[in-house]
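# Close look at the chain arrangement
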Amino acid sequence: MSDCIFCKIARGEISSRKVYEDDELFAFHDINPVAPVHFMLIPRLHVASLMEADSGHTALLGRMLLLAPKLAKEQGLDNGFRIVINTGKGGGQEVFHLHIHIIGGGHIPPMVRRS
Ligand code: AMP
Ligand code: ZN
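Here we summarise the structure given alongside this text. Keep in mind it's a predicted model, so treat the numbers as computed, not measured.

### Examining the coordination of the zinc ion (ligand 2)
The zinc ion (ligand 2) binds to the protein through Cys 4 (SG), Cys 7 (SG), His 46 (ND1) and His 97 (ND1), with metal-donor distances spanning 2.0 to 2.3 Å. One way to put it: the four donor atoms around the zinc ion (ligand 2) meet at angles of 107 to 116°, and that makes the site tetrahedral. The motif formed by the donor residues of the zinc ion (ligand 2), counted along the single chain, is C-x2-C-x38-H-x50-H. On the criterion of sequence distance, the pair formed by Cys 7 in helix α1 (residues 5-11) and His 46 in the loop between β3 (37-43) and α2 (58-74) is long-range, its members being 39 residues apart.

### Things to note about the pattern of salt bridges
A full pass over the atoms with the stated rule returns five salt bridges. Across the pair Arg 63 and Asp 22 runs a salt bridge whose closest N-O atoms are separated by 2.6 Å. Note that Arg 63 is positioned in helix α2 and Asp 22 in the loop between β1 (18-21) and β2 (25-29), a separation of 41 residues in sequence. Overall, Arg 63 belongs to the partly exposed group, its relative accessible area being 32%. Three or more residues are tied together by salt bridges with common partners; here these are Lys 18, Glu 21 and Arg 44.

### Here we look at the pairing of β1
Pairing of β1 with β2 involves three bridges; the strand directions are antiparallel. For Tyr 20, the partnering residue across the bridge sits in β2 and is Ala 27. Adjacent in sequence and paired antiparallel, β1 and β2 are bridged by three residues.

What counts and what doesn't
Residues numbered from 1 in each chain as written. Chains lettered and ligands numbered in written order. Predicted model: local features only at pLDDT ≥ 70, side-chain atom pairs only at ≥ 80, totals over all residues. Heavy atoms only, no water. Donors = N, O, S within 2.8 Å, 3.2 Å for Na, K, Ca; no water. Tetrahedral: all angles 85-135°; square planar, octahedral: opposite > 155°, others 65-115°. Helix = DSSP H or I, 4+ residues; strand = E, 2+ residues; numbered from the N terminus. Salt bridge = Lys/Arg side-chain N within 4 Å of Asp/Glu carboxyl O. Buried < 20%, exposed > 50% of the residue type's maximum accessible area, 1.4 Å probe, protein only. Pairing = 2+ DSSP bridges.

No statement about biological role is implied by the geometric values presented.
Here it is, written out as structure tokens:
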């Protein structure tokens, strides 16, 4: 997708603080972090969200989930981390290129506050 910001980041057309790259995946620090460590892992392939993923993406999604803990550890998150995949407008997604947020360090509050 020519006008997708995360495609442009993966192609190096928009600068980012790179965490990792290979032929299929790219990871970079979030520009507006919510925790001391907050980076995103994306496929180079443009998939708009998890709702557009299908069985053809099984291996790609598996690679992303297996890579996440390795990158988290490299970023100093020895004690664990949170993964967030905002999906669709109803899930609060703002950038419509599938991405995994990897978040940790400091205090990570319960994900859903119960009253
Ligand atoms: P989401 O709400 O899951 O779509 O999250 C999109 C994330 O992308 C937000 O956390 C933004 O801070 C982040 N973001 C947007 N533009 C950039 C950029 N150019 N570089 C790094 N992170 C970005
Ligand atoms: Zn894209």
